[in-house]
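Commentary on secondary and tertiary structure
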Amino acid sequence: MLSPLLGPATGRDPCKRYAEGARQRGETGLVIACIGAGKHSYNVFSGSVAPGIHLPGHHGQISASPLPADVSPELTDGLDHAEHDLATRLLNHPPHTWFRLTHHRARSSGPGVARVFPPPGEGELRPILVDGLGDPVAGVWMPASGSARWFVVPHGTDQRLLVQWLVQHALPACVPGALTRARSPLVRDPALVTDAEARLVETIAEEQRAHE
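Summary of the structure given here.

What counts and how
- Residues numbered from 1 in each chain as written.
- Predicted model: local features only at pLDDT ≥ 70, side-chain atom pairs only at ≥ 80, totals over all residues.
- Heavy atoms only, no water.
- Helix = DSSP H or I, 4+ residues; strand = E, 2+ residues; numbered from the N terminus.
- Contact = heavy atoms within 4.5 Å.
- Bend = angle between axes of the 7 residues up to and from the residue.
- Buried < 20%, exposed > 50% of the residue type's maximum accessible area, 1.4 Å probe, protein only.
- Polar contact = N/O pair within 3.5 Å; in protein donor to acceptor, adjacent residues only side chain to side chain.
- Core = buried A, V, L, I, M, F, W, Y, C linked by side-chain atoms within 4.5 Å.
- Salt bridge = Lys/Arg side-chain N within 4 Å of Asp/Glu carboxyl O.
- Phe/Tyr/Trp six-rings, centres within 6.5 Å; stacked < 30°, edge-to-face > 60°.

Let's shift gears to the overall build of the chain. Helix and strand content of the chain: five helices and 12 strands. Of the contacts made within the chain by residues no fewer than 6 positions apart, 62% connect residues no fewer than 24 positions apart.

Right, here's the structure in full:
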């Protein structure tokens with residue numbers, strides 16, 4: 001699911017149907033959420049704040065604070081191939097504005113002491129690009145169940161870039177069954193490759209990483 005403007009409308013039927021379909025198939029739900037579109041507000045503590053993204057269920061939201069124009073994000077360590085490719089594409093084709101991302105957990109303000117849910121560890125915003133302070137400016141949010149991956153990128157990112165990355169890297173890595181159903185030539189079943197083909201794929205990946 002690609003959400004180019006204000007982020008996925010998690011309360012609407014199309015998103016619910018998409019999430020339920022992925023759950024029934026036992027697949028990971030992929031969402032590309034562009035953050036920072038719309039009218040900005042001002043917070044006395046954090047300065048200018050852009051519209052955020054509401055996560056599904058009681059996972060809270062991700063807020064966005066615009067960064068200065070001279071910020072140069074950096075890759076984080078430990079990225080898988082699909083995440084590394086997305087981060088590299090963002091660096092090579094940067095948006096007009098980068099945003100510092102913050103994950104806020106939902107709170108319940110019932111009688112007595114307010115409680116926070118979901119419990120710690122239930123969901124994680126993992127950076128793929130960070131600013132000079134180590135804060136995420138692009139990342140992937142995942143619930144502990146592993147049922148979804150929300151790739152959060154800045155508003156203004158080239159939509160063609162995102163679609164190409166989704167088809168060429170995200171789907172083969174995370175939801176190969178979707179490519180099989182669509183009879184895509186991009187699908188690769190590791191169980192069917194020979195040893196020579198496996199070594200060739202790894203060699204190509206190493207050459208690509210060196211080139212990047």
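Continuing now.
Before going further, it helps to examine helix H3 (residues 159-174). The sharpest bend along H3 comes to roughly 45°, located at leucine 166. Burial in H3 covers these residues: Leu161, Leu162, Trp165, Leu166, His169, Ala170, Leu171 and Cys174. Two or three places before arginine 160, at the opening of H3, aspartate 158 has a side-chain oxygen 2.9 Å from that residue's backbone nitrogen.

For the rest of this paragraph, the subject is the nonpolar core. Formed by 28 residues in total, the largest nonpolar core has its most connected members in Leu30, Leu86 and Trp165. Put simply, the parts of the chain that give this core at least two residues each are strand S2 (29-35), helix H2 (81-92), strand S10 (123-130), strand S11 (136-143), strand S12 (148-154) and H3. Ranked by the residues each element gives to this core, the list is headed by H3, at seven residues. Beyond its immediate stretch of four places on either side in the chain, leucine 86 contacts Ile128, Phe151, Val153, Leu162 and Trp165.

A separate point is the pattern of salt bridges. The full count for this structure, using the stated rule, is nine salt bridges. Between aspartate 135 and arginine 100 there is a salt bridge, with the nearest N and O atoms lying 3.2 Å from each other. Of this pair, aspartate 135 sits in the loop between S10 and S11 while arginine 100 sits in strand S7 (residues 99-104), placing them 35 residues apart in sequence. Accessibility expressed as a relative area gives 28% for aspartate 135, which makes it partly exposed. Accessibility expressed as a relative area gives 25% for arginine 100, which makes it partly exposed. Taken together, the salt bridges that share partners define one network made up of Asp80, Glu83, Arg126 and Arg149.

The next thing to look at is the packing of aromatic side chains. Both the distance between ring centres and the angle between the ring planes are used here to describe each pair of aromatic rings. Evaluation of the coordinates by the stated rule reveals two aromatic pairs. An angle of 85° between the planes, with centres 6.1 Å apart, marks the rings of tryptophan 141 and tryptophan 150 as edge-to-face. Relative to tryptophan 165, the ring of phenylalanine 151 has its centre 4.9 Å away and its plane inclined at 75°; by these criteria the two rings are edge-to-face. With phenylalanine 151 in strand S12 and tryptophan 165 in helix H3, this pair connects stretches of sequence that are 14 residues apart. The two residues phenylalanine 151 and tryptophan 165 agree in class, both being buried.

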